[in-house]
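Commentary on secondary and tertiary structure
So you can see what is in the structure, the chains are spelled out below.
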Amino acid sequence: MSHDAGRDTSARADQDIDGFFSTARVAARREAVELPADSYTHFLIDLDDPKLAGVRGMDYEEFSRDRRRAPFLQELLGSWQALYDEPFTGVTSDGTVRPDLYELPEHPGVDPDPQQAAERLLTVLTEDELQLLRHPLTAREWRAWSNPEFVVHRVGLRLETLPDETVAAVLAVLRASLSPEGYRRVTGAMTLNAVLGELVDLPTVMNDRSYWFSLFGTPDPLAPWGWQLFGHHVAVNFVSVGGRHVIAPVFLGGEPALTEQHPPLFAAREAAALELVGSLDAGRRARAVVYESVLDPAMPEGRLHPADERHVAGAFRDNRVIPYEGIRARDLTDRQRTLLRTVVADFLVLLKEPQREATLALFDAHQDDTWFAWYGATDGSQPCYLRIQSPVIVAELDHHAGVWLSNRLPARFHVHTTLRHPNGNDYGRALVARWHERAQ
């Protein structure tokens, strides 16, 4: 954004884009973006507001058709389709994929639970449901996931259209594939989506079954296969290959990301990150803090996106070039590097413990080439954005403005997080390639 835009905090910088988004979320401003003193409940929209009343009673298909009429959304969907149509190469830092970063174990252990749960799911589905559920391992539908509440691509089975027995079988696949903490994190985000649907009285648009589920390939103890779950504020891609599990890309978030009954989704992650950035001395802080605010007028044109805001590794960004920024981990103290690893471990919490440790070992091997970037104040007084990036991980946390809540500026109770394995291992692609090389 230009410096002129940063000076403008008048009504011109806070115009509705389409009723759900406003220019304020991307308008640079010199003033600090203070965190609201009140909880998210202060920003609940009146249930009689046309924004809510106008779509009340619609199911997810009707709501999606209604949203697609918005010119802003048509433009956004067009850009997403163009990205989806690109051949997959993978996220990079400079446009060149680094080879030989990901290897399969020579003596793989076998975890039969995901395969067995997937096979049980197959036994409870009708022929029509099986046709919708199953895709070849190489299908481009892997890359069709998205995180809005409206439908972009229809891939797999929609949970809310299935009988309870079938939904339970799908959730059993998740439970068998994820760590206990990871399962709670994913289903917690799904539950918060239902809470949001209740808060705005739109349960047919947002609920804990507003998600699509697919299987890719044939479940097997060693040969590559996987599953995908995606919908509002949840997208998880799981691949099992040669004794390794890959869970990436991941998108998890919430609006609100906490309630009186549900603890914050990312409390431990944010606490460790704030401890890390708060411990930096002046010299390290000057390198790590790329922008003093999440709406800093020093940001270049195009850095802020009206839908993604600051995060750069979300839906349809499979081939994005993301230059490193911030401070290198090798320039941190031992304690700070430990805190950085703690944050990364929480991003990897969906993996079962042996798989998580293997992935953390890969992170450790590249820690000297790992970068930590922060936008915002370092004392927790403002919303923030963070990114941890290396040849083998891109992990982001971003505080967002309201969509279904009325806060026009970013706030901690609306959170987006992303996780990717750059240089070609999203969707386990690099490890699947290794598998096929070994099979020759």
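Everything numeric in this text was worked out from a predicted model, so none of it was measured.

Once that is clear, we can look at the pairing of strand S3 (residues 211-216). Of all six residues making up S3, six are buried, and the element is well covered by its neighbours. Judged by which residues are buried, S3 turns out to be covered on both faces: Tyr211, Phe213 and Leu215 on one side and Trp212, Ser214 and Phe216 on the other are all buried. Bridge count for strand S1 (residues 134-135) against S3 is two bridges, and the pairing is parallel. Bridging from a neighbouring strand, histidine 135 pairs with phenylalanine 216 of S3. Bridge count for strand S2 (residues 157-158) against S3 is two bridges, and the pairing is antiparallel. Counted as the bridge partner of arginine 158 is tryptophan 212 from S3. Where S3 meets strand S4 (residues 225-231), six bridges bridge the pair, whose relative direction is antiparallel. Bridging across to S4, tyrosine 211 finds its partner in glycine 231.

The full count for this structure, using the stated rule, is seven cavities of 30 Å³ or more. Roughly 270 Å³ of internal volume is contained in the largest cavity. When contributions to the lining of the largest cavity are tallied by element, the ones reaching two or more residues are helix H4 (71-84) and strand S12 (411-420). Approximately 80 Å³ is the volume found for the second largest cavity. Forming the boundary of the second largest cavity are 14 residues, of which Pro148, Phe150, Arg158, Trp212 and Gly231 lie nearest the centre.

By the criterion of burial, strand S6 (residues 244-254) is predominantly enclosed, with eleven of the eleven residues buried. Bridge count between strand S5 (residues 234-241) and S6: seven bridges; the pairing is antiparallel. Within S6, the residue paired with valine 236 across the bridge is valine 250. The hairpin formed by S5 and S6 contains two residues between the paired strands, and glycine 242 there has a positive phi angle of roughly 55 degrees.

Okay, unusual backbone geometry next. Alanine 248 connects to proline 249 through a cis peptide bond whose omega is 0 degrees. In this fold, proline 249 is placed in strand S6. Residue proline 256 follows glutamate 255 across a cis peptide bond; omega there is -5 degrees. Counting through the fold element by element, proline 256 comes out in the loop between S6 and helix H9 (267-278). Residues other than glycine seldom take positive phi values, yet histidine 233 does so here, at roughly 65 degrees. Structurally, histidine 233 can be placed in the loop between S4 and S5. Its identity is not glycine, yet asparagine 423 carries a phi of approximately 55 degrees, on the positive side. Assignment of secondary structure puts asparagine 423 in the loop between S12 and helix H13 (429-439).

Looking now at the pattern of salt bridges. Within this structure, the stated rule accounts for 30 salt bridges. When the shortest N-O distance is used, the salt bridge between arginine 387 and glutamate 325 registers 3.1 Å. Remark: glutamate 325 occurs in the loop between strand S7 (289-291) and strand S8 (327-328) and arginine 387 occurs in strand S10 (residues 385-390); sequence separation between them is 62 residues. There is no split in this pair, since arginine 387 and glutamate 325 are both buried. Taken together, the salt bridges that share partners define one network made up of Arg25, Glu309, Arg310 and Asp398.

Further remarks concern the environment of alanine 268. Tracing the backbone through its elements, the reader meets alanine 268 in helix H9. For alanine 268, a relative accessible area of 55% corresponds to the exposed category. Once the C-alpha coordinates of alanine 268 and aspartate 346 are considered, the two residues, 78 residues apart in sequence, prove to be 7.8 Å apart.

What follows covers the layout of surface pockets. In this approach, a probe sized like a water molecule rolls over the atoms, and the result shows the empty space that is left. Put simply, the largest pocket is a space of about 290 Å³. Along the wall of the largest pocket there are 20 residues; nearest its centre are Asp16, Gly19, Phe20, Phe21 and Lys51. Among the elements of the structure, helix H2 (50-53) and helix H3 (60-67) are those that each provide at least two residues to the lining of the largest pocket. By volume, the second largest pocket amounts to about 220 Å³. Lining the second largest pocket are Glu181, Arg184, Arg185, Thr187, Gly188, Thr191, Leu192, His262, Pro263, Pro264 and Leu265. Class assignment of the residues belonging to the lining of the second largest pocket gives a composition of four nonpolar, four polar and three charged.

Next up on the list: the confidence of the model for the chain. Per-chain confidence: the chain averages 94 in pLDDT, with 97% of residues scoring 70 or above. Here residues 1-12 is a poorly scored stretch, pLDDT under 50, and it has 24 contacts once near neighbours within four places are set aside; other chains count.

Under the 1.5 Å per step criterion, the end-to-end length of helix H7 (residues 164-177) is 20 Å for 14 residues, consistent within 8% with the ideal 20 Å. Thr166, Val167, Ala169, Val170, Val173, Leu174, Ala176 and Ser177 are the residues of H7 that are buried. Packing partners of the buried residues in H7 comprise helix H5 (113-123), helix H8 (180-199), S3, S4, S5 and S6.

Calculation rules
- Here the residue numbers are simple positions, counted from 1 along each chain's written sequence.
- Per-residue local features of the predicted model are confined to residues with pLDDT of at least 70, and side-chain atom pairs are confined, for both listing and counting, to 80 or more; whole-chain, interface and lining totals are unaffected and use all residues.
- No hydrogens and no water enter the side-chain calculation; it runs on all heavy atoms of the structure.
- When a residue's accessible area, from a 1.4 Å probe over protein chains only, is under 20% of the maximum for its type it is buried; when over 50% it is exposed; and in between it is partly exposed.
- Secondary structure elements are defined from DSSP: runs of H or I of at least 4 residues count as helices, runs of E of at least 2 residues count as strands, and each element is numbered from the N terminus.
- DSSP bridges decide pairing: two strands pair if at least two such bridges lie between them.
- Cavity and pocket criteria rest on a 1 Å grid covering protein atoms alone: a 1.4 Å probe that fits but cannot get out defines a cavity, protein on both sides within 12 Å along at least 5 of 7 lines defines an open pocket, and an atom within 4 Å of a point defines a lining residue.
- Grid points are joined across faces, edges and corners, and a volume is the space filled by probe spheres set on the points.
- Basic side-chain nitrogens of Lys or Arg form a salt bridge, by our definition, when they fall within 4 Å of a carboxyl oxygen of Asp or Glu.
- Classification convention: Asp, Glu, Lys, Arg as charged; Ala, Val, Leu, Ile, Met, Phe, Trp, Tyr, Cys, Pro as nonpolar; all other residues, Gly among them, as polar.
- The score called pLDDT rates the predictor's confidence residue by residue, from a low of 0 to a high of 100.
- Note on definitions: a residue-residue contact is assigned when non-hydrogen atoms from the two residues lie within 4.5 Å.
- Expected helix span is taken as 1.5 Å per residue step, with the number of steps being one fewer than the number of residues.

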